[in-house]
Amino acid sequence: MDTDEEGDNDWDRSLESDMLETEGSSTDRVTSISQRVILHIDLDCFYAQVEMIRNPALRNKPLGIQQKYLIVTCNYVAREHGVNKLMSVTDAVEKCPQLVLVKGEDLTHYREMSYKVTELLMSYCPLVERLGFDENFMDVTEMVERRLKETCISDLSFNGHVYKHESMAVDEENARLAVGSVIAAEMRQAIFSTLGLTGCAGIANNKLLAKLVAGTFKPNQQTTLLPYSTAELMSSLTGLIKVPGIGYKTREKLKALGLVSVRDLQLYSLADLVREFGEVTAKRIQNLACGIDDSPVTPAGPPQSLSDEDSFKKISTLEEVQKKTEELLTSLTERMHKDGRRPHTFRLTIRQYTVTNRWFSRESRQCPIPNHTGLKITCGSSEAVPQLLGLSMKLFHKMLDTREPFHLTLLNVCFSNLQAKSSSKSSIASFFTQKCPTTTQMTSQQQVSMYDFPYFNVPANVDPYVFSQLPADVQRELLTEWRQQKPVLKIPSKHSHKTSSTRDKKSAAKGSQCNNILKYFKPN
Ligand code: DGT
Ligand code: MG
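Criteria and cut-off values
Residues numbered from 1 in each chain as written. Chains lettered and ligands numbered in written order. Predicted model: local features only at pLDDT ≥ 70, side-chain atom pairs only at ≥ 80, totals over all residues. Heavy atoms only, no water. UniProt positions renumbered as here; feature names shortened; annotations may be inferred. Near = heavy atom within 4 Å. Polar contact = N/O pair within 3.5 Å; in protein donor to acceptor, adjacent residues only side chain to side chain. Areas by Shrake-Rupley, 256 points an atom, 1.4 Å probe, with all protein chains shown as cover. Helix = DSSP H or I, 4+ residues; strand = E, 2+ residues; numbered from the N terminus. Pairing = 2+ DSSP bridges. Axes fitted to C-alpha atoms, helices over the stretch in contact; angles between N-to-C directions. Parallel < 35°, antiparallel > 145°, perpendicular 65-115°, else oblique. Left-handed = near helix turned anticlockwise from the far one by under 90°. Contact = heavy atoms within 4.5 Å. Salt bridge = Lys/Arg side-chain N within 4 Å of Asp/Glu carboxyl O. Buried < 20%, exposed > 50% of the residue type's maximum accessible area, 1.4 Å probe, protein only. Core = buried A, V, L, I, M, F, W, Y, C linked by side-chain atoms within 4.5 Å. pLDDT = per-residue confidence, 0-100. Donors = N, O, S within 2.8 Å, 3.2 Å for Na, K, Ca; no water. Tetrahedral: all angles 85-135°; square planar, octahedral: opposite > 155°, others 65-115°.

An unreviewed UniProt entry lists the chain under the name UmuC domain-containing protein, with Sinocyclocheilus grahami as the source organism. Under the UniProt heading Sequence similarities (unreviewed entry), the note attached to the chain is "Belongs to the DNA polymerase type-Y family."

Structure representation (structure tokens):
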């Protein structure tokens, strides 16, 4: 099974660092935080939807996506038959004998669709934060402000549900959330008309509440939370496990203090919590229990590492290790090649079977990737895998004495320390690029000549003779880089009608941040 190491689904960790950053925030900041409009968009039965798009014949059938012995998700037809997420395949088939099963261990299509959704949302608003594969937060506060200036409050209405209200009139106080609900509906519509996917949205003043309220009505619906309904939403949660940001270990510690429900944590003495967890964590978890979360929506950018892993019942021979590692390396190097950056570190992780500690006995070794191998990976050369396999086996022997019997249940291969190629050979690049504008600065004429150059296929401002004198490896690397310098996506002109100069700068900064990130999302 593929894994994704974007670090973008670690809600606990991100909240913790956010809290550290926001310690001692000014009154102004607190005010602006309480006025934010945050959307949370969660796609419906994500893997199943992707499979139904790939094969529309599955659309009206009960469909389960299988990884090993589990149904990791199922479409809503199957849910009507009593099939649930994370049910065993045996139980699911018993509930619904006509269930169609599709293997979902290869995440390639899900990952690709996932990035398309984020990319689409970023074309409307740069402040998009991914959470896992099918969830995105958006901070649409600025969009809301702009629209409010152009709209009469009496013309506004809420789109979708309002938590615990049949209907709700729009007034001064809730107008911003009402505009947020209209934007959320537009985003969902954009995702549907562009990519064919449906999803749910939550609209609230912070990330925590937006996420929690989003699931109130499913599928393909949206719900807005008004601030005064926060307490009701929080007390509707069946336990601390339902509070995103309070992880397993924290829950265990809380349980030892006798705290099980959200209400228990709300009412517990902060001083006692501080003694147990320290000030930052104590305040954070108590705030979360009260629905308070001032963590910002943080666009993540490209992943810091790429990895691939598989788990299995038993691997106990060197040949099996080699075969499985080679398989994993083949798919990982292909992804790395598509990514375009060059990895400088390689890590191998194994998990040995132990009766006592079944899940947490991972062990890793890592090493630098030699330059010639790094180049092979970025060029997409088939020689990369055998070279990496050699490295893997050396690392493997450092962890295990293969003269003794062994029992592995997992292998993971990982590239990290990923660097954009321009920085890794800046001296050569700068040789060519002193007079060569960056992609964003190029005129359309230059871009056309760069891609269509009929003979050498090098940018028009590069001397073909000088290029032809370079070593073949360097030529290949430069060509790959130039081919990848496609025009970056434009932020729609919606952002350009701000008048104040500070706002212009802010907007430009956000735009360029967004463009940088968009470079990562490569078309298929
Ligand atoms: P939903 O949101 O209830 O309509 O259904 P999904 O399928 O979108 O569920 P969600 O949002 O919790 O998760 C998104 C995808 O992530 C889902 O389609 C399959 C995958 N997934 C979710 N939970 C697990 C899990 O525990 N293990 C594995 N391997 N995959 C999971
Ligand atoms: Mg979902």
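Now that the structure has been shown, we can carry on.
Draft legend 1. Spatial organisation of the site of ligand 1. For ligand 1, the set of nearby residues contains 15 residues, the closest of which are Cys45, Gln67, Thr73, Tyr76 and Lys218. At 3.3 Å from an oxygen atom of ligand 1 is found a side-chain nitrogen or oxygen belonging to aspartate 42. Lysine 218 is positioned such that a nitrogen or oxygen atom in its side chain is 2.7 Å from an oxygen atom of ligand 1. Protein burial of ligand 1: of its 600 Å² of free accessible surface, 74% is covered by the chains. Mapped by element, the contributors of at least two residues to the shell around ligand 1 are β2 (38-43), α3 (46-54), β4 (70-74) and α4 (76-80).

Draft legend 2. Spotlight on unusual backbone geometry. In this model, lysine 218 is joined to proline 219 through a cis peptide bond whose omega is -15 degrees. Along the polypeptide, proline 219 turns up in the loop between α9 (207-214) and β11 (222-224). Of note in the backbone geometry, cysteine 45 takes a positive phi value of approximately 20 degrees without being a glycine. Among the structural elements, cysteine 45 can be located in the loop between β2 and α3. Backbone geometry places lysine 68, a non-glycine residue, at a positive phi of 55 degrees.

Draft legend 3. How the structure looks around the sheet that holds strand β5 (residues 87-88). If you walk across this open sheet you meet the four strands as β5-β4-β3-β6, and the pairing is mixed. With one partner strand each, in any of the chains shown, β5 and β6 (100-103) form the two edges of the open sheet. By the bridge criterion, four bridges tie strand β3 (residues 63-67) to β4 in an arrangement that is antiparallel. Directly across from isoleucine 65, in β4, lies its bridge partner threonine 73.

Draft legend 4. Broad picture of the packing of helix α15 (residues 318-339) against helix α17 (residues 384-399). For the pair α15 and α17, interaxial distance at closest approach is 10 Å and the crossing angle is 130 degrees. In terms of orientation, α15 and α17 fall into the oblique class. In the crossing of α15 with α17, the sense of the turn from one axis to the other is right-handed. Along the contact surface, α15 presents Leu318, Val321, Gln322, Thr325, Glu326, Leu329, Thr330 and Thr333, while α17 presents Val385, Leu388, Leu389, Ser392, Met393, Phe396 and His397.

Draft legend 5. Focus on the pattern of salt bridges. Across all of its chains, the model carries 19 salt bridges by this definition. Ionic pairing is found between glutamate 135 and lysine 211, a salt bridge with its closest N-O pair at 2.8 Å. Residue glutamate 135 is found in strand β8 (residues 135-139), and its partner lysine 211 is found in helix α9; the two are separated by 76 residues along the sequence. When its relative accessible area of 22% is taken as the criterion, lysine 211 is described as partly exposed. The partner of arginine 147 in a salt bridge is glutamate 186, and the shortest N-O contact between them spans 2.7 Å. A residue pair is termed long-range when its members are at least 10 positions apart, and arginine 147 in helix α7 (residues 141-150) and glutamate 186 in helix α8 (residues 175-195) qualify at 39 residues. For arginine 147, a relative accessible area of 25% corresponds to the partly exposed category. Three or more residues are tied together by salt bridges with common partners; here these are Lys68, Asp310, Lys323, Lys324 and Glu327.

Draft legend 6. Quick peek at the nonpolar core. Residues Phe46, Met138, Val140, Leu254 and Leu265 are the most contacted members of the largest nonpolar core, which totals 77 residues. Among the elements that line this core, the one with the most residues is α8, at ten residues. Discounting residues that sit within four places of it in the chain, phenylalanine 46 has contacts with Tyr110, Met113, Ser114, Phe133, Asp134 and Leu197. Residues Leu328, Leu329, Leu348 and Ile369 belong to the second largest nonpolar core, which totals 30 residues.

Draft legend 7. Local environment of the confidence of the model for the chain. When pLDDT is averaged along the chain, the result is 80; 73% of the residues meet or exceed 70. Counting contacts from residues 486-524, a segment whose pLDDT is below 50, to residues more than four positions away or on other chains yields 60 contacts.

Draft legend 8. Highlighting the coordination of the magnesium ion (ligand 2). Donor atoms from the polypeptide that coordinate the magnesium ion (ligand 2) comprise Asp42 (OD), Leu43 (O) and Asp134 (OD), at 2.0 to 2.2 Å from the metal. Here the magnesium ion (ligand 2) is ringed by six donor atoms whose angles at the metal span 83 to 172 degrees, and the overall shape comes out octahedral. Between consecutive donors of the magnesium ion (ligand 2), the numbers of intervening residues give the motif D-L-x90-D. The class for aspartate 42 is partly exposed, based on a relative accessible area of 24%. Note on leucine 43: relative accessible area 5%, which makes it buried.

Draft legend 9. Fine view of the sheet that holds β2. With mixed pairing, six strands are arranged side by side in an open sheet as β7-β8-β2-β10-β11-β9. A strand with exactly one partner marks an edge of an open sheet, and here the two such strands are β7 (128-131) and β9 (161-162). Relative to β8, β7 runs antiparallel, the two sharing four bridges. Each residue of the ladder has a partner; that of glutamate 129, found in β8, is phenylalanine 137.

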